[in-house]
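Summary of structural features
Here is what each chain is made of, one letter per residue.
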Amino acid sequence: MVMRDYIKKFPKHIEHAIEIYESIDLCHGSSDVENIVISGQGGSAIGGVIIKNLLRDTLSVPIIVNQDYSIPSFVNNKTLFIASSYSGNTEETLSALKAAEMKNSIIFSITSGGDLLDISKEKGYNHIIIPSGAPPRAMLCYSIVQLLFVISELFGLSKDNLKHKLLDVQKYLIDYQSQIILEADVLVDQISNKMPFIYAFSNFEGVALRFKQQLNENSKRHACYNLIPEMNHNEIVPWINKHSCVFPVFLNGKTSSRNLKRMRFSIERISKNVDSFIELKKDELDYFTQYFYFIHLLDWVSLILAEKEKINPNDISLIDDLKRQLKNT
């Protein structure tokens, strides 16, 4: 299947992911959990960043996204450790899992197979199996939905409310997908051959990071991102100069009134020193729907950009070469 097909099916993945979660029986309790560590890399880790955003106002414990071979020293037997590896063979995640086992953490796994699934079955860990055979970044929705439900159930948040919200998002994305694709096509023409600088609020960090990664992998483009208000304390300064090779993208979603003022100031000042820029807004949508809308729209941008430049979005040969080299050493 080509990347265009995967992106087009992103909304339908929501319902399928819900069905997968509802078909399994997980055994767990929340009374002893003091923190959550989601360990993964690349397309498997981005789900953790997104969950941090989506649950920041409702969850009573911190979520840490771990992207290394080791784990933080605070991890202990009151840590919910979620190993997320699409292939099930990500060496950093498997190494972190071993470290979490030594700390007697409460372990879950989300994978399509590989060593992670074998370990989970052998040791009786709660695990969720998602569909295999696709690029990890194309299966993001499955990761997001499973993480949302696992954590919501564990901490007594309403699963029915979550399901309702997700299905509303699915309906919106399906109903407006043609319009979203047209909008993405216009954005691609605006970006042209320039390097995107992506600016978002902290509660949309997962969207900004996802767009950066999709530009890297699908479009073979460099990109960077930063957050407001943090960028107002450093990265805003170089924008006093004229820039002709960069392209600012502002993700203007729901946030505090103070951050909205910061965003407006940043746009007004930066726009004076660039040829053009993009400001994405969808004020009529609630935060949850905005989040998924931005993800879907910007996924399409990365794909259409690749197609117009005749780049194969499925080609990740440098990553594959690195994995082969590491396997042989």
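Structural data are supplied above this passage.
Quick notes on the rules
Residues numbered from 1 in each chain as written. Predicted model: local features only at pLDDT ≥ 70, side-chain atom pairs only at ≥ 80, totals over all residues. Heavy atoms only, no water. Buried < 20%, exposed > 50% of the residue type's maximum accessible area, 1.4 Å probe, protein only. Helix = DSSP H or I, 4+ residues; strand = E, 2+ residues; numbered from the N terminus. Pairing = 2+ DSSP bridges. Right-handed = clockwise from strand over helix to strand, strands pointing away.

What follows is about the pairing of strand 4 (residues 106-111). Where burial is concerned, most of strand 4 is hidden: five out of the six residues are buried. Two elements, strand 3 (residues 79-85) and strand 4, share six bridges in a ladder whose sense is parallel. Within strand 4, the residue paired with Phe 81 across the bridge is Ile 107. Regarding the hand of the β-α-β motif, the stretch spanning strand 3, helix 4 (residues 91-102) and strand 4 is right-handed. As paired elements, strand 4 and strand 5 (residues 126-129) share four bridges and run parallel to each other. Following the sheet pairing, Phe 108 is matched in strand 5 by Asn 126.

For the rest of this paragraph, the subject is unusual backbone geometry. Residue Pro 229 is reached from Ile 228 by a cis peptide bond, and omega for that bond is 20 degrees. Note that Pro 229 resides in the loop between strand 7 (224-228) and strand 8 (246-251). Its identity as a non-glycine residue notwithstanding, Asn 104 has a phi of 60 degrees, on the positive side. Tracing the backbone through its elements, the reader meets Asn 104 in the loop between helix 4 and strand 4. Here Asn 104 falls in the exposed class, since its relative accessible area comes to 57%. Despite not being glycine, Lys 310 has its phi angle at roughly 55 degrees, a positive value. Assignment of secondary structure puts Lys 310 in the loop between helix 11 (287-308) and helix 12 (317-327).

The values reported here are purely geometric and, on their own, carry no functional implication.
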